[in-house]
Amino acid sequence: MNVLAAFDSFKGTMSARAIGRELARALSSYEVRECPLSDGGEGFLEILANRFVQVPTVDALGRGCFARLGFREHGVSGVEVILETAQTIGLTQVGGAAGNDPIRADSTGVAILLEEALRRRPAAILVGCGGSAVTDGGLGFIRRARQRKLATYGVPVRVALDVRTRFTQAGEVFAPQKGAAPKEVDLLSARLVALHAWYRRWYGIDLDEYAGTGAAGGLGGALMAFGAVLASGFDEVASRIQLSRQISEADLVLTGEGRLDETSFDGKVVGEVLMLAESQGKQVVVIVGTADSRIVERVRHSGHRVYALSEIFGIERSLANPLQLIGELARSVVA
Ligand SMILES: Nc1ncnc2c1ncn2[C@@H]1O[C@H](COP(=O)(O)OP(=O)(O)OP(=O)(O)O)[C@@H](O)[C@H]1O
Ligand SMILES: O=C(O)[C@H](O)CO
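What you are looking at is a predicted structure, and each value in this text was computed from that prediction instead of being measured.

**A few points about helix 12 (residues 269-279)**
Step number 1: Along helix 12, the residues classified as buried are Val269, Val270, Gly271, Glu272, Val273, Leu274 and Ala277.
Step number 2: Residues of helix 12 that are buried in the fold lie against helix 10 (233-240), helix 11 (243-248), strand 9 (252-255), strand 10 (259-260), strand 11 (283-288) and helix 13 (293-301).
Step number 3: Where helix 12 ends, the next residue or the one after it, Gly281, has phi of about 65 degrees, a positive value.

See below:
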């Protein structure tokens, strides 16, 4: 039997590559094809780039840190530089929701990464956008770019978005998971509405007309106002690795992410893999860290199997030893 292991990372606990390797080991009596995925959030860089450098930048709370830039061949002799917002302004970087200051967190670090990318004279730049701690509507990015008198990118920039959320919705949908209390969500949403009017005045663009402008707390919209082309992060990865063909060659598809919830169907890996597999009549086994029970029911209702590590092994064990547990679980469910 051919098994395709098409996982996103489990944010903060397992990379998509590590999961693929573990499943290949645990299911060694099957033909396992490792196919690590990303939707533009954490892990995007690792999947698409084949060379890396570390550069200095700042995290979402303005503290100095290092982030990786990735490179990949582009055309005959050019280089594409790949940036991942989660590397610099990621939620994991600030210690998760508990370590974040959701009002103060900003996207300056991405402008610094972009300057580093441009210094390398690339033929093109690709930005993985998501997995962030911010809801600043791209304000930190725009401020820094304006200070540096950077008016446009000067090279083609594509932004791979991890969600389809619109600009002014970014607070309501994602700020709670970044540590914002209900009153702070209202404040952040009001700020996004004000910024929406500001972008319309200065850039002549209604960001709410475009899906994904709310990715990374509205940074997706800011990057677009500055001249970037928006794309689905999942599609960007899927087309480069020919995922559709890989699914067609599999007898069983395994997928998963850290948490299965409503947002999983907003352009993220699990929702998109389910859709692609269904269109080819393939069975999917979804393994996640934690899950919203209503969404689990919905996925089961469409004929797929869903397992949450935390429900089977308890949350402490699933956070402490996720690789061993995902291997164990896969061995018992793939038969
Ligand atoms: N090993 C694990 N066991 C249980 N829950 C986990 C585990 N790893 C991650 N999680 C849960 O998953 C959440 C993160 O969800 P997920 O990995 O789906 O990322 P995300 O928020 O969708 O962002 P991204 O688009 O960057 O992947 C964590 O906050 C945590 O609650
Ligand atoms: O960074 C974020 O806000 C989420 O991953 C959605 O893009």
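**A closer look at the domain arrangement of the chain**
Note: interface size is frequently given as the accessible area lost on complex formation between the parts.
Step number 1: Domain boundaries assigned for the chain yield domain 1 (2-35 + 251-333) and domain 2 (44-234).
Step number 2: Using C-alpha coordinates to define each centre, domain 1 is positioned 27 Å away from domain 2.
Step number 3: Contact with domain 1, which involves 14 residues of that partner, is made by 12 residues of domain 2.
Step number 4: Buried surface at the junction of domain 1 and domain 2, summed over both partners, amounts to about 1200 Å²; 51% is from carbon and sulfur atoms.
Step number 5: The tally of links from domain 1 across to domain 2 stands at two salt bridges.
Step number 6: Note that Arg164 is salt-bridged to Glu272, the shortest N-O span being 3.4 Å.
Step number 7: For the pair domain 1 and domain 2, the interface holds five residue pairs in polar contact (both at pLDDT 80 or more).
Step number 8: Sorting the residues of the side of domain 1 that touches domain 2 by element identifies helix 1 (16-26) and helix 12 as the ones contributing at least two each.
Step number 9: Broken down by element, the residue count for the side of domain 1 that touches domain 2 peaks at four residues, all from helix 12.
Step number 10: Across the side of domain 1 that touches domain 2, the residue classes tally to five nonpolar, four polar and five charged.

**Regarding the packing of helix 6 (residues 139-147) against helix 8 (residues 182-203)**
Step number 1: One way to put it is that helix 6 packs onto helix 8 with a least axis distance of 12 Å and a crossing angle of 35 degrees. When helix 6 is examined against helix 8, the residues Leu139, Ile142 and Arg146 are found in contact with a partner set consisting of Leu195, Trp198, Tyr199, Trp202 and Tyr203.
Step number 2: Across the contact of helix 6 with helix 8, the residue classes break down as seven nonpolar, no polar and one charged.

**What about the site of ligand 1?**
Step number 1: If you check the shell around ligand 1, you find 21 residues, and the closest are Lys11, Thr13, Glu257, Lys268 and Ser318.
Step number 2: In this structure, Lys11 approaches ligand 1 through a main-chain N or O atom, which is 2.7 Å from an oxygen atom.
Step number 3: A total of 640 Å² of accessible area belongs to ligand 1 in isolation, and the protein chains cover 84% of it.
Step number 4: In terms of residue count, the dominant contributor to the shell around ligand 1 is helix 15 (residues 315-320) (three residues).
Step number 5: A domain split of the shell around ligand 1 shows at least three residues from each of domain 1 (2-35 + 251-333) and domain 2 (44-234).

About the thresholds
Residues numbered from 1 in each chain as written. Chains lettered and ligands numbered in written order. Predicted model: local features only at pLDDT ≥ 70, side-chain atom pairs only at ≥ 80, totals over all residues. Heavy atoms only, no water. Buried < 20%, exposed > 50% of the residue type's maximum accessible area, 1.4 Å probe, protein only. Helix = DSSP H or I, 4+ residues; strand = E, 2+ residues; numbered from the N terminus. Contact = heavy atoms within 4.5 Å. Domains from an automatic or database assignment. Buried area = accessible area lost by both parts, 1.4 Å probe. Salt bridge = Lys/Arg side-chain N within 4 Å of Asp/Glu carboxyl O. Polar contact = N/O pair within 3.5 Å; in protein donor to acceptor, adjacent residues only side chain to side chain. Nonpolar A, V, L, I, M, F, W, Y, C, P; charged D, E, K, R; others polar. Axes fitted to C-alpha atoms, helices over the stretch in contact; angles between N-to-C directions. Near = heavy atom within 4 Å. Areas by Shrake-Rupley, 256 points an atom, 1.4 Å probe, with all protein chains shown as cover.

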